[in-house]
Amino acid sequence: MLSPYNDCVKQKNKIGIIQLGLRAMLFLFLFLPQMIFAQTVNQVYIFPSANMYAHPNSNLNIYSDISHSGTLVSYNSAIINFYAGVWQNNSGSRLPDESARGIDGIGGVFVFSDLRQNAQRINSVNSVPFNGFPNVRLDNVLNVTADMGDLHVNNNLDFLNGHLILNNVNLTVGRAGTGTITGYSQTNFVVTGPGMSGGNLVRHLTANATALEFPVGTAVGSYTPLSINYTGTIPQTLKFRVADNVYNKLNFPEYVYKTWIMTSTSPDAGAKLDITLQ
């Protein structure tokens, strides 16, 4: 026979279970719509008036596409990991480093990663020289494509995995006497495309440059890089691409089915350029 005390305990237990169920239902009612909404968001828009900062030693992870129209400052030693498909820099957007002008410091590293097993694309709308990424690291075996407008990397372009494919746009690395490209190899390089015209790898030189590398190829699996030694009297900008065809083929028994195409922006009658092909 149960005592009144036991009946009281049972009633309290029932009340506790009911309260717990109501709390669970209330949580789902309040937060489930937000959770569902978060799952459907696939793009983050940074407004023109927005000012955002990636502080020193910060490690940011971005899983949604980016449409960037504002200012995103990244400090030296900051890491910004991008895992989504499309990063778009719109007209007027800025990606300055920690310096006063935004182009004289080191800045953070923007890592394009294949964590989600997808190819990626960088769109540049009305891009402005020296107003692009401070540093870019490619870690995507499915490759990253530069599209819509010229891509600018102010300091360092680093290859870990994959290629950077130029879809009829130019890639500029550094300013005069600055800018480095690291980590490139026969499996990681800049793809210019196979035609006689299209995207170029652009480097800005001071009056002299030694062993300046252009790790380019016409397609994935076709690596035909070059390096230069340049001696001149004025600063110079050189653009290189490589094509699959032989331009004005000479009557030699042996030749390479490649043409390296160079464009310079500043005529210099006293300049000397030595090119080493691989």
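Structural notes, computed from the coordinates. Remember, predicted model here, so these are calculated numbers, not experimental data.

Some thoughts on the pattern of salt bridges
On inspection of all chains with the given rule, the structure shows five salt bridges. A salt bridge links Asp-104 to Arg-101; the shortest N-O distance between them is 2.8 Å. Note on Asp-104: relative accessible area 41%, which makes it partly exposed. Since its relative accessible area comes to 51%, Arg-101 is described here as exposed. Here Asp-158 ties to Arg-137 by a salt bridge, and the two come within 3.0 Å at their closest N and O atoms.

Brief notes about the pairing of strand S8 (residues 109-113)
Among the five residues in S8, five count as buried, and that is most of the element. Every second residue of S8 is oriented toward a common face, with Val-109, Val-111 and Ser-113 on one face and Phe-110 and Phe-112 on the other, all of them buried. Pairing analysis gives four bridges linking strand S6 (residues 79-82) to S8, with the strands arranged parallel. Bridged to Phe-82 within S8 is Phe-112.

Describing the sheet that holds strand S21 (residues 226-231)
Pairing between sheet strands relies on hydrogen bonds along the backbone, with the strands arranged either parallel or antiparallel. With antiparallel pairing, the three strands of this open sheet are ordered in space as S18-S21-S24. With partners counted over all chains shown, the strands left at the sheet margins are strand S18 (208-214) and strand S24 (272-277), one partner each. Pairs of neighbouring strands in the sheet enclose a mean axial angle of 15 degrees, with direction left out of account. Note: S21 against S24, six bridges, orientation antiparallel. When the bridges of S24 are listed, Ile-228 appears paired with Ile-275.

Thresholds applied
Residues numbered from 1 in each chain as written. Predicted model: local features only at pLDDT ≥ 70, side-chain atom pairs only at ≥ 80, totals over all residues. Heavy atoms only, no water. Salt bridge = Lys/Arg side-chain N within 4 Å of Asp/Glu carboxyl O. Buried < 20%, exposed > 50% of the residue type's maximum accessible area, 1.4 Å probe, protein only. Helix = DSSP H or I, 4+ residues; strand = E, 2+ residues; numbered from the N terminus. Pairing = 2+ DSSP bridges. Axes fitted to C-alpha atoms, helices over the stretch in contact; angles between N-to-C directions.

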